[in-house]
There are 2 protein chains.
Amino acid sequence: MERIRSEIIRQKLTTPEAAASFIKNGMTVGMSGFTGIGYPKVIPGELAKRKEAGEDLKITVICGASMGDQSDGVMARAGIVSRRYGFQSNKDMRAAINRGEIQFVDMHLSQIAYWMKAGYFGKVDLAVIEVAGVTEDGSLICPCAVGIIPTLVRCADRIILEVNEKVPAAVEGLHDIIDLDLAPNTQPIMITSPGQRVGTPYVKCDPDKIVAVIRTADENMNAELKAPDDDMIAIAEHIVNFFNAEIAAGRLPNPLPPLQSGVGGVANAVLSQLAKSNLENLTVYTEVAQDAVFDLMDAGKVLSASATSMTLSPSIRDGIYARLGDYQGRLVLRPQEISNAPEVIKRLGVIAMNTAIEFDLEGNVNSTHVGGTSLMNGLGGSGDFARGSGLSIFTTASTAKAGTLSCLVPHVSHVDHTEHDTQIIVTEQGLADLRGLTAYERADLLIEKCAHPKFKAELREFVAESRAKAKAFHALAR
Amino acid sequence: MERIRSEIIRQKLTTPEAAASFIKNGMTVGMSGFTGIGYPKVIPGELAKRKEAGEDLKITVICGASMGDQSDGVMARAGIVSRRYGFQSNKDMRAAINRGEIQFVDMHLSQIAYWMKAGYFGKVDLAVIEVAGVTEDGSLICPCAVGIIPTLVRCADRIILEVNEKVPAAVEGLHDIIDLDLAPNTQPIMITSPGQRVGTPYVKCDPDKIVAVIRTADENMNAELKAPDDDMIAIAEHIVNFFNAEIAAGRLPNPLPPLQSGVGGVANAVLSQLAKSNLENLTVYTEVAQDAVFDLMDAGKVLSASATSMTLSPSIRDGIYARLGDYQGRLVLRPQEISNAPEVIKRLGVIAMNTAIEFDLEGNVNSTHVGGTSLMNGLGGSGDFARGSGLSIFTTASTAKAGTLSCLVPHVSHVDHTEHDTQIIVTEQGLADLRGLTAYERADLLIEKCAHPKFKAELREFVAESRAKAKAFHALAR
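(A) Region of the structure containing the overall build of chain A. When helices and strands are tallied, chain A shows 16 helices and 26 strands. For 478 residues, the compact-globule estimate of 2.2 N^0.38 gives 23 Å, and chain A sits close to it at 23 Å. In terms of overall dimensions, chain A has C-alpha extents of about 75 × 50 × 45 Å along its principal axes. Partitioning the intrachain contacts of chain A with sequence separation of at least 6 by distance along the chain shows that 73% fall at a separation of at least 24. When the 47 basic and 57 acidic side-chain charges of chain A are each reduced to a single mean position, those positions are 2 Å apart.

Printed below as a string of structure tokens:
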């Protein structure tokens, strides 16, 4: 079936080379994509060819979140990217950032659309957007991730579309698009439950902005999620037990408020374990619907889910795509300024579950930097959800580097989330409920519940020394 | 005029001693009050008398924000408070916290009502609430601060009212009360401009909960704001110049989005300088309306203002109280879960202006701890506004301790606001616009614009050393 239903837009079909020629040295280019889904797969390669052929070509790239290797990887290796805003998770891009070759600015994902509309990034010269198709009236059908597409369509001077046949056609109708205005034209986001639709399925687009359209059939190159290991299962079990105890104590309602779960294996494992629990009638309000969200919907455990991206392991992708229509009415894909909106997260009392690299005795969390200076991926939406949530949970194994390093440390080497935004911390060892505790109380509880036994003695010694040398007792000494 | 218009409530009038007798050892007691306004002024003294007479009396105190000396001070000196949640700014309470005698848990002010309703603080045995009066149907008329009064009325088992004659009767009608339900009964906060009313002027209260009522005529003991010094004026001028430049560049609309300004002299000075600027048709969405907000309304510069507390210097208080009726329709006092709601702050694109104790080369801000362990006051609403804002500004003098310490340091000793929530930093030396900059770019700009000249060389040396020894360049080395 023809994916470009508008004759006007079809007339703009061209070659990748001709399309990419609109991108010039020094431009600021916005790209679609969110956690390895829905990003441009062809134009970045064209740019790399030009660079390799000797052209002087450096651009600033803004993306809602990470792109796959055909984009972030290709551009990083070609040395095209001078600055990169948003989030990334590509190993070559990460290496270039850590070498100081790419100037990467890490941000809360909820901020990106606002910043672009307010002009904080400067002018967006051009946007490259993957779409599932184009409707009769020239509106865009988003791919399996919405991210900042509506904002790019609004803000970019020119637009290149990559119409990708590999995007399942049945994604049409899953999207719920609204595009917030800025002050003084403010408006509430009228979402009061995760599955609620408040917008339209399509992104309205001025056809005059579209300067080129190409057809592609390239798959997303997101990674396969690892099967849960023993640590992940233990973490997930602690969380399920905690949920049940909180429901019994009247501090959480049953059914639970909507769940958010970060990106990656641990986040997926936590949700997987919920499938085996007694908890029913769950809902999900998150940024990325990973494999487990679909398992839970299939099992009838999750009634509805909201996300900005559906990031499926390659091994299960085709199976889900084949019956994607079954999820209509239960799954909603929203712009990331809505999926990650503090407004909605706070209103729904979302239970946020995010992963830490390390955490400290006061409950501060480092989720981005290994050893304090080396960037792993980025902040992503962890801050949007942790801060906005009704209950904020962080998870990590108690040790790293084959058990040689404790993930509970005296002071984290980089603070992404302060003690005020970390209420529950969970390792495979146990769960610490830090709500309403002071710094020293947190320290004692974290050592007791979350530290690996082999590190407990030295951590206790640090606390004792801090207490002995401190002049004031509201925070731990350094 | 009789302030207690309900016969049923009048019948509960009793002596302070009898009222205070409902408070027993070990109870959790909620108290009204916000930044030294609208707190109980009599019952705490009664408790202190009992303690001094030898009674075993320790309680947990939850307050929306700080109380004046008749409450936080009296209770701290008497040794009554075992735990204290919220925010405080009393010197004796601060000292007791830093000695480790009072277990103080610092929180985002937007969280307190949610935590109480969700049961995270446990049961609230009793609330002591100052009111301006009681209506015919037994509803409460809040004093000059709302804070968590609606939540206390909802959650506390029993209520003691202090009906204070010194509260200006004309405060009636300035309040706009809504009380948010938790999941699954969620609802949008339908505020789209600061002066908009979305609730009712009164707090509905179950008369059976009210166990005692006393009459008082004690003044709030908040401090006089200092007149702006040269540093404050310089900071304010940098900000006004910046606003004008941003408007010219199209990155801020004119009129500006609503302004938030923190608590204290610098915050007040910044607003005062706006009165002398060319900026017109301003609005304010903040937690505390200080002196300058009234000056700006009087000057016609501020059209409408929303806050949870009006904290006026004693020297101007009576003058404002005498014509408080003039502010009807322009000034709205809201519960703090609304004044500090991330939902509304984000929606309105509020310009947040908060004060730092110190800030670091990456742009992280310490706003609570002197030397890393000694609590100053607390986080207050700074995190609510900085994170939620459309633009986040932090201010401080470039030096402390009579110029001997630089307030720009390599790494802050305590992180309250991460680099992701601090876009503009201003000292008397200048203004650094950190938007879209990496860690090293931030460091260079902060030294250039904000550092005191006498500390620039050693800060530059730190950056050079960091660059030389770093293995990765996404954050500064420690």
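(B) Examining the pairing of strand β4 (residues 103–106) of chain B more closely. All names here are of chain B. Taken together, the 4 bridges between strand β3 (residues 81–86) and β4 define a ladder with parallel strand orientation. Bridging from a neighbouring strand, Tyr 85 pairs with Val 105 of β4. As for the winding sense of the linkage, the β-α-β connection from β3 through helix α5 (residues 91–98) to β4 is right-handed.

(C) Structural detail: the sheet that holds strand β17 (residues 358–360) of chain B. Residue and element names in this part refer to chain B. Spatial strand order, β18-β17-β24: 3 strands in an open sheet with mixed pairing. The sheet terminates laterally at β18 (365–366) and β24 (408–409), the two strands that pair on one side only. Bridge count between β17 and β24: 2 bridges; the pairing is parallel. Within β24, the position partnered with Phe 359 by the bridge is Leu 408.

(D) Region of interest: the relation of the copies chain B and chain A. The two copies are related by a screw operation: chain B maps onto chain A through 180° of rotation and 0.0 Å of translation along the axis, at an RMSD of 0.0 Å. Here the transformation between the copies is reduced to the relation of a two-fold axis. Taking C-alpha positions as reference, the residue of chain B nearest the rotation axis is Glu 343 of chain B, located at 1.9 Å. Counting the interface residues of chain B, we find that 100% of their copies in chain A are interface residues as well, pointing to one common contact surface.

(E) Fine view of the interface of chain B and chain A. Opposite the 70 residues of chain B that make contact, chain A presents 70 residues. Of the roughly 5,900 Å² buried between chain B and chain A, counting both surfaces, carbon and sulfur atoms make up 54%. When residues of chain B are sorted by the area they lose upon contact with chain A, Arg 387, His 420 and His 474 of chain B head the list and together hold 13% of the total. The interface formed by chain B and chain A contains 4 salt bridges. Inspection of the region where chain B meets chain A yields 32 residue pairs in polar contact (both at pLDDT 80 or more). Among the elements of the structure, β3, α5, β4, α6 (111–118), α13 (342–348), β20 (374–375) and α14 (382–388) of chain B are those that each provide at least two residues to the side of chain B that touches chain A. Per element, the largest residue contribution to the side of chain B that touches chain A is 5 residues, and it comes from α13 of chain B.

(F) Representation of the pairing of strand β1 (residues 28–31) of chain B within the structure. Residue and element names in this part refer to chain B. Of the two faces of β1, the one lined by Thr 28 and Gly 30 and the one lined by Val 29 and Met 31 are each fully buried. With 4 bridges connecting them, β1 and strand β2 (residues 59–63) associate as parallel partners. Paired with Gly 30 across the strands is Ile 62, a residue of β2. As judged from the 3 bridges shared by β1 and strand β5 (residues 126–131), these two strands associate in the parallel manner. Looking across to β5, one finds that Met 31 is bridged to Val 128.

(G) Broad picture of the packing of aromatic side chains. What the rule picks out here adds up to 14 aromatic pairs over all chains. Between Tyr 440 of chain A and Phe 473 of chain A, the aromatic rings sit 6.1 Å apart at their centres with planes inclined by 50°, giving tilted as the arrangement. Highlighted residues: Tyr 440 of chain A in helix α15 (residues 439–449) and Phe 473 of chain A in the segment after α16 (453–469), separated in sequence by 33 residues. Here Tyr 85 of chain B and Phe 121 of chain B contribute two aromatic rings whose centre-to-centre distance is 4.8 Å and whose plane-to-plane angle is 55°, an arrangement assigned as tilted. In this pair, Tyr 85 of chain B is assigned in strand β3 and Phe 121 of chain B in the loop between α6 and β5, connecting sequence segments 36 residues apart. As far as the burial class goes, Tyr 85 of chain B and Phe 121 of chain B line up, both buried.

(H) Highlighting the pattern of salt bridges. For the structure shown, the criterion picks out 62 salt bridges over all chains. Salt-bridge contacts for Asp 179 of chain B lead to Lys 117 of chain B; the nearest nitrogen and oxygen are separated by 3.0 Å. In this pair, Asp 179 of chain B is assigned in the loop between β8 (158–164) and β9 (210–216) and Lys 117 of chain B in helix α6, connecting sequence segments 62 residues apart. Judged by its relative accessible area of 15%, Lys 117 of chain B is buried. Note that Arg 387 of chain B is salt-bridged to Asp 421 of chain B, the shortest N-O span being 2.9 Å. Here Arg 387 of chain B, found in helix α14, pairs with Asp 421 of chain B, found in the loop between β24 and β25 (424–426); they are 34 residues apart in sequence, far enough to count as distant. Among the charged side chains, a network of salt bridges with common partners joins Lys 117, Arg 154, Asp 179, Asp 181 and Glu 337 of chain A.

(I) Representation of the sheet that holds β4 of chain B in the model. All names here are of chain B. Ordered in space as β4-β3-β2-β1-β5-β8-β9, the 7 strands form an open sheet in which the pairing is parallel. Where the open sheet ends on each side, the last strands, each with one partner, are β4 and β9. Across the sheet, the mean angle from the axis of one strand to that of its neighbour is 15°, orientation sign disregarded. Sheet topology note: the β2/β3 ladder contains 4 bridges and is parallel. The residue of β3 that forms the bridge with Thr 60 is Arg 83.

(J) Inspection of the side chain of Thr 438 of chain A at higher detail. Along the chain, Thr 438 of chain A turns up in the loop between β26 (430–433) and α15. The class for Thr 438 of chain A is buried, based on a relative accessible area of 8%. Filtering out sequence-adjacent residues up to four positions away, Thr 438 of chain A remains in contact with Arg 83, Gln 103, Phe 104 and Val 105 of chain B.

(K) Just the nonpolar core, in detail. Counting residues in each nonpolar core, the largest one holds 178 residues, and the members touching the most others are Phe 243 and Met 310 of chain A together with Phe 243 and Met 310 of chain B. By size, the runner-up hydrophobic cluster in this structure holds 33 residues, among which are Ile 23, Val 29, Met 31 and Ala 212 of chain B.

(L) Focus on unusual backbone geometry. Residue and element names in this part refer to chain A. A cis amide bond links Ala 183 with the next residue in sequence, Pro 184, at an omega value of 5°. As for its placement among the helices and strands, Pro 184 is situated in the loop between β8 (158–164) and β9 (210–216). Residues other than glycine seldom take positive phi values, yet Lys 401 does so here, at roughly 50°. Residue placement: Lys 401 occurs in the loop between β22 (399–400) and β23 (405–406).

(M) Spatial organisation of α15 of chain A. Turning to α15 of chain A, its buried residues are Ala 439, Tyr 440, Arg 442, Ala 443, Leu 445, Leu 446 and Ile 447 of chain A. Contact partners of the buried residues in α15 of chain A: β17 (358–360), β24 (408–409), β25 (424–427), β26 and α16 of chain A.

(N) Quick look at the environment of Ala 299 of chain A. Structurally, the position occupied by Ala 299 of chain A is in the loop between α10 (291–298) and β13 (302–307). By relative accessible area, Ala 299 of chain A is classed as exposed at 51%.

(O) A look at helix α4 (residues 69–78) of chain B. Residue and element names in this part refer to chain B. Within α4, 8 of the 10 residues are buried, leaving the element largely enclosed by the surrounding structure. Every buried residue of α4 is accounted for by Gln 70, Ser 71, Asp 72, Gly 73, Val 74, Met 75, Ala 76 and Ala 78. Those residues of α4 that are buried lie in contact with β1, α3 (43–52), β2, β3 and α5. Just past α4, the residue Gly 79 takes up positive phi, approximately 75°.

(P) Representation of the domain arrangement of chain A. All names here are of chain A. Taken domain by domain, chain A comprises domain 1 (7–216) and domain 2 (230–469). When each unit is reduced to the centre of its C-alpha atoms, the spacing between domain 1 and domain 2 is 28 Å. Between domain 1 and domain 2, the residue contacts involve 52 residues of the former and 45 residues of the latter. Interface area, domain 1 with domain 2, both sides summed: about 3,600 Å², of which 58% is carbon and sulfur. Among the ionic pairs, Asp 176 bridges to Arg 334, the shortest N-O distance being 3.0 Å. Viewed at the interface, domain 2 and domain 1 are joined by 29 residue pairs in polar contact (both at pLDDT 80 or more). By residue class, the composition of the side of domain 1 that touches domain 2 is 29 nonpolar, 15 polar and 8 charged.

Thresholds, definitions, all that
Residues numbered from 1 in each chain as written. Chains lettered and ligands numbered in written order. Predicted model: local features only at pLDDT ≥ 70, side-chain atom pairs only at ≥ 80, totals over all residues. Heavy atoms only, no water. Helix = DSSP H or I, 4+ residues; strand = E, 2+ residues; numbered from the N terminus. Rg over C-alpha atoms; globule rule 2.2 N^0.38 Å. Contact = heavy atoms within 4.5 Å. Lys, Arg positive; Asp, Glu negative; His and termini not counted. Charge placed at Lys NZ, Arg CZ, Asp CG, Glu CD. Pairing = 2+ DSSP bridges. Right-handed = clockwise from strand over helix to strand, strands pointing away. Least-squares fit on C-alpha atoms with pLDDT ≥ 70 in both. Buried area = accessible area lost by both parts, 1.4 Å probe. Salt bridge = Lys/Arg side-chain N within 4 Å of Asp/Glu carboxyl O. Polar contact = N/O pair within 3.5 Å; in protein donor to acceptor, adjacent residues only side chain to side chain. Buried < 20%, exposed > 50% of the residue type's maximum accessible area, 1.4 Å probe, protein only. Phe/Tyr/Trp six-rings, centres within 6.5 Å; stacked < 30°, edge-to-face > 60°. Axes fitted to C-alpha atoms, helices over the stretch in contact; angles between N-to-C directions. Core = buried A, V, L, I, M, F, W, Y, C linked by side-chain atoms within 4.5 Å. Domains from an automatic or database assignment. Nonpolar A, V, L, I, M, F, W, Y, C, P; charged D, E, K, R; others polar.

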